[in-house]
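Read off the chains here:
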Amino acid sequence: MAIRDILKMGDPRLLRMAKPVPSEGFDSDVLHLLVSDLLDTMVCANGAGLAAPQIGVDLQVVVFGSRDANPRYPNRPLVPPTVLVNPVITPLTRAGETGGDLPEELDWEGCLSVPGLRAQVPRWSHIRYTGFDQYGDPIDSTVSGFHARVVQHECDHLWGKLYPMRVRDFSQFGYTEVLFPEIAPCK
Ligand code: NI
C-alpha cells in the first residue's frame, strides 16, 4: 500500500488509451496492489475518484466513491465505494431506457490531475455502466446525476480525456479558490 504521485495535465501519459486488464490479471497480486494504491492515493487527496492512468499505470482500472461526505464536493450525494475494471458506459434516455434523445446536464467538476481549477462540464444524465471488480466479478449498474458524472469523469481518464477537453463554455472555468472559497484547497 502506498500513496502515489498524481500526474498533472500536460503529462502525455494522461492522454493514452489505457489497456484492458487481461482475464488472467484479475484477482492477482499486481491488480490488488494497484487498487490498494489507487484507494490510498484517492483518500489522501480527498478525491471523488481516481483512475490508474493518473498514477502512470496504463490499465483500465478506476476507483470512486466513499462512505463519508467528500470535502472537495460538499452537498453532493454519496457515491458507494466502487472498483471498476474494463468499464463500458452506455448513455440512457432515462434511467433504464435506451433510444431517443440522450439528456445531458451541466455541473462543476474538478480533477486531481488539474489541481486548483473547476469548470462546468456537460455529462450524460443517465448511464448504465458495466465492467468487473478486481476479483473478476461482473458489475452492472444504472445511475443518474452526480454518480453518473463521477463514473464518466473517471472513465474518461481511460480514454485519454481530461475534463477541460469537454468544456464548452470557458466563461465557466476558473480557480476553485475564487469560484468556491468555502471549499478546502487540494492537498
Ligand atoms: Ni480526474
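To be clear, the structure that these remarks concern was listed above.
Below, the structure is looked at part by part. (Residues numbered from 1 in each chain as written. Predicted model: local features only at pLDDT ≥ 70, side-chain atom pairs only at ≥ 80, totals over all residues. Heavy atoms only, no water.)

**Digging into the nonpolar core**
Rules: By convention a nonpolar core is built from buried Ala, Val, Leu, Ile, Met, Phe, Trp, Tyr and Cys residues, the set being connected through side-chain atoms within 4.5 Å. Throughout this description, buried means an accessible area under 20% of the type-specific maximum (1.4 Å probe, protein chains only), exposed means over 50%, and partly exposed covers the range between. What counts as a helix is a DSSP run of H or I of at least four residues, what counts as a strand is a run of E of at least two, and both are numbered from the N terminus.
Val62, Phe64, Leu84, Ile127, Tyr129 and Val151 are the most contacted members of the largest nonpolar core, which has 18 residues in total. Elements with a minimum of two residues in this core: strand E2 (61-64), strand E6 (126-132), strand E7 (138-144) and helix H2 (145-158). Looking at this core, the element that brings in the most residues is H2, giving six residues. Among the nonpolar cores identified, the runner-up in size contains 17 residues, and Phe26, Ala45, Ile55 and Val57 belong to it.

**Things to note about unusual backbone geometry**
The phi torsion at Asn46 lies on the positive side, around 55°, for a residue other than glycine. Residue position: Asn46 is located in the loop between helix H1 (29-44) and strand E1 (49-51). Exposure remark for Asn46: the relative accessible area of 26% places this residue in the partly exposed category. In this structure, Asn86 takes a positive phi of about 50° despite not being glycine.

**With respect to the coordination of the nickel ion**
To be explicit about the condition: With water omitted from the atoms examined, metal sites may look incomplete; donors here are N, O and S atoms no farther than 2.8 Å from the metal, or 3.2 Å in the case of Na, K and Ca.
Around the nickel ion, the protein contributes the donor atoms Cys111 (SG), His153 (NE2) and His157 (NE2), which lie 2.1 to 2.3 Å from the metal centre. Positions of the donor residues of the nickel ion along the chain correspond to the pattern C-x41-H-x3-H. Note that His153 and His157 are positioned in helix H2 at a spacing of four residues, about one turn of the helix. When sorted by exposure, His153 lands in the same class as His157, which is buried.

That is the geometry; function is a separate question.
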